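# Topology and contacts: notes
Residues per chain, in single letters:
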Amino acid sequence: MADLPDESVDLVFADPPYNLQLGGDLHRPDNSRVDAVDDDWDQIGDFDDYDLFSCAWLEQARRVLKPDGALWTIGSYHNIFRVGAFLQDMGFWIHNDVIWRKSNPMPNFKGTRFTNAHETLIWAGKTKASRVTFNYAAMKALNDGVQMRSDWTLAICAGGERLKTGDGRKAHPTQKPEALLHRVLLATSNPGDIILDPFFGTGTTGAVARKLGRRFIGIEADAGYADIARRRIAAISPAADADLKVTQSKRALPRIPFGAVVEAGLLKPGDTLYCAQGRRTARVRPDGTVAAGGETGSIHQMGAHVQGAPACNGWTFWHVRQSGQLAPIDVLRARIRAEMEGV
């Protein structure tokens, strides 16, 4: 990471070693050995060693992030609370902690504690002022029209998705499911963004980034893992740009004032606007204000005025007659936006 330019990355997704400190082999009730995480790369040392390691990569991640960039990191109870504290100490601003609830966790074979059925992700902006990407409407659409919560139930990586070596063993002991990265990247990045994964492993972040039209940088110390990642990602054909568009949050859409609708000739001075029931009316004025009941003001002010309400969304309250039917004036704003995007 030290070789990357300052403020060159839009999003960091980091799945660092958890430093599990496992005490000996773990066996199932039938005495078969569990393929646990005992690789050298997870053996960082004691807490002081792990803290130094964590601060080093977090400082580099903060340096390479753009001002409005964000970082995700994932961990278990072994490390995530220490990493979260360092994030705050460095000036990152935490937006959410997300619980990944595993629908098929590994049982606790010894029966000495609760089954570890979740991992924790932290999503943080580079600073409190960072205008981080959040595709709220896309997340809501992904969740059948219901606001996405911060507890995600997803299966661990298994079956055909689990990469294997030639002898049938797991290629990587902690391979994350693509569904998890799909949700992270879809929620907090856009096509063309640069995603950095400083602990690339077998390339799950890169594979999902390629599928979703994001660019990526993967850093991996293990040559074997890196080779698997390269072959995995090379086999992916990215979707066409048009197929990568998602439901946009209204805040992300270009602002269109009502006056632009008048300027475009979609409404003329003197045209009548109606409420949905057709009982209340207003007249369009050339400067984008409307007149109703002897008062003038914006479509929002006059919508509130005729209802005796404290506030009103004029785009949905006021309607225009089209082909004998009343349609909200928001359809006119949508036409202008479509023309701006060349649709």
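For clarity, every value in this text was computed on a predicted model and none was experimentally measured.

## Remarks on the environment of Asn 79
By the element assignment, Asn 79 lies in the loop between β2 (65-75) and α2 (80-89). Taking C-alpha positions, Asn 79 is 12 Å from Asp 49, a pair spaced 30 residues apart along the chain. Leaving out residues up to four positions away in the same chain, Asn 79 has contacts with Pro 16, Pro 17, Tyr 18, Tyr 50 and Ile 74. A polar atom in the side chain of Asn 79 sits 2.9 Å from the side chain of Tyr 50.

## Observations regarding the pattern of salt bridges
Tallying each qualifying case throughout the model produces 12 salt bridges. In this structure, Asp 6 and Arg 63 form a salt bridge, with 2.6 Å as the shortest nitrogen-oxygen distance. Taken together, the residues span a long stretch of sequence, with Asp 6 in the segment before β1 (9-14) and Arg 63 in helix α1 (residues 47-64) at a distance of 57 residues. Since its relative accessible area comes to 23%, Arg 63 is described here as partly exposed.

## With respect to the sheet that holds strand β6 (residues 194-197)
Think of a sheet as strands paired side by side through backbone hydrogen bonds, with each pair either parallel or antiparallel. Ordered in space as β5-β3-β4-β2-β1-β6-β7, the seven strands form an open sheet in which the pairing is mixed. The open sheet has two free edges, formed respectively by β5 (151-154) and β7 (215-218), since each of these has just one partner strand. Taking the axes of each pair of neighbouring strands and ignoring which way they run, one obtains an average angle of 20° across the sheet. For strand β3 (residues 93-102) and β5, the ladder comprises four bridges, and the chain directions are parallel. In the strand pairing of β5, Arg 101 is matched with Thr 153.

## Some details on the domain arrangement of the chain
For the chain, the assigned domains are domain 1 (9-243) and domain 2 (258-342). On a C-alpha basis, the centroid separation for the pair domain 1 and domain 2 is 47 Å.

## Here's the deal with the packing of α1 against α2
For the pair α1 and α2, the least separation of the axes is 10 Å and the interaxial angle reads 45°. In this view, α1 runs oblique relative to α2, as classed from their interaxial angle. Crossing angle aside, the handedness with which α1 passes α2 is right-handed. Residues Phe 47, Tyr 50, Asp 51, Ser 54, Cys 55, Trp 57 and Leu 58 of α1 form the contact with α2, whose participating residues are Arg 82, Val 83, Phe 86 and Leu 87.

## Quick look at the packing of aromatic side chains
One pass over the structure, following the stated rule, counts 10 aromatic pairs. Among the aromatic side chains, those forming a connected cluster through ring pairs are Trp 72, Trp 123, Phe 134, Tyr 136 and Trp 152. Above the plane of the ring of Phe 47 lies Arg 82, whose end atom (NZ or CZ) is 4.3 Å from the centre.

## Re helix α4 (residues 178-188)
In terms of residue burial, α4 counts as a mostly covered element, since nine of its 11 residues are buried. Glu 178, Leu 180, Leu 181, Arg 183, Val 184, Leu 185, Leu 186, Ala 187 and Thr 188 are the residues of α4 that are buried.

## Things to note about helix α6 (residues 223-234)
When the terminal C-alpha atoms of α6 are compared, their 16 Å separation across 12 residues agrees well with the 16 Å that a helix rising 1.5 Å per residue should span. Three or more residues of α6 are buried, namely Tyr 225, Ala 226, Ile 228, Ala 229, Arg 232 and Ile 233. Mapping the buried residues of α6 onto a view down its axis gives an arc of 160°, with all of them on the same face. Set apart from the buried face of α6 by more than 90 degrees, the exposed residues are Ala 223, Arg 230, Arg 231 and Ala 234. Along its buried surface, α6 packs onto α4, α5 (204-211) and β7. Where α6 begins, one side-chain oxygen reaches toward the backbone nitrogen of Gly 224, 2.8 Å away; that side chain belongs to Asp 222.

## Overview of the side chain of Thr 205
Among the structural elements, Thr 205 can be located in helix α5. Sequence-distant contacts of Thr 205, defined by excluding residues within four places in its chain, comprise Phe 13, Leu 181, Leu 185, Ile 195, Asp 197 and Phe 200.

## Describing the environment of Ala 70
Within the secondary structure, Ala 70 sits in strand β2. Beyond its immediate sequence surroundings of up to four residues, Ala 70 is in contact with Asp 10, Leu 11, Val 12, Leu 65, Trp 123, Ala 124, Gly 125, Lys 126 and Val 132.

## Thoughts on the environment of Arg 337
Inspection of the secondary structure puts Arg 337 in helix α10 (residues 330-340). The spacing of Arg 337 and Ile 122 is 215 residues in sequence and 35 Å in space, taken between C-alpha atoms. Contacts of Arg 337, omitting those with residues within four sequence positions, involve Leu 253, Pro 254, Arg 255 and Ile 256.

Calculation notes
Residues numbered from 1 in each chain as written. Predicted model: local features only at pLDDT ≥ 70, side-chain atom pairs only at ≥ 80, totals over all residues. Heavy atoms only, no water. Helix = DSSP H or I, 4+ residues; strand = E, 2+ residues; numbered from the N terminus. Contact = heavy atoms within 4.5 Å. Polar contact = N/O pair within 3.5 Å; in protein donor to acceptor, adjacent residues only side chain to side chain. Salt bridge = Lys/Arg side-chain N within 4 Å of Asp/Glu carboxyl O. Buried < 20%, exposed > 50% of the residue type's maximum accessible area, 1.4 Å probe, protein only. Pairing = 2+ DSSP bridges. Axes fitted to C-alpha atoms, helices over the stretch in contact; angles between N-to-C directions. Domains from an automatic or database assignment. Parallel < 35°, antiparallel > 145°, perpendicular 65-115°, else oblique. Left-handed = near helix turned anticlockwise from the far one by under 90°. Phe/Tyr/Trp six-rings, centres within 6.5 Å; stacked < 30°, edge-to-face > 60°. Lys NZ or Arg CZ within 6 Å of the ring centre and 35° of its normal. Expected span 1.5 Å × (residues − 1). Arc of directions from axis to C-beta.

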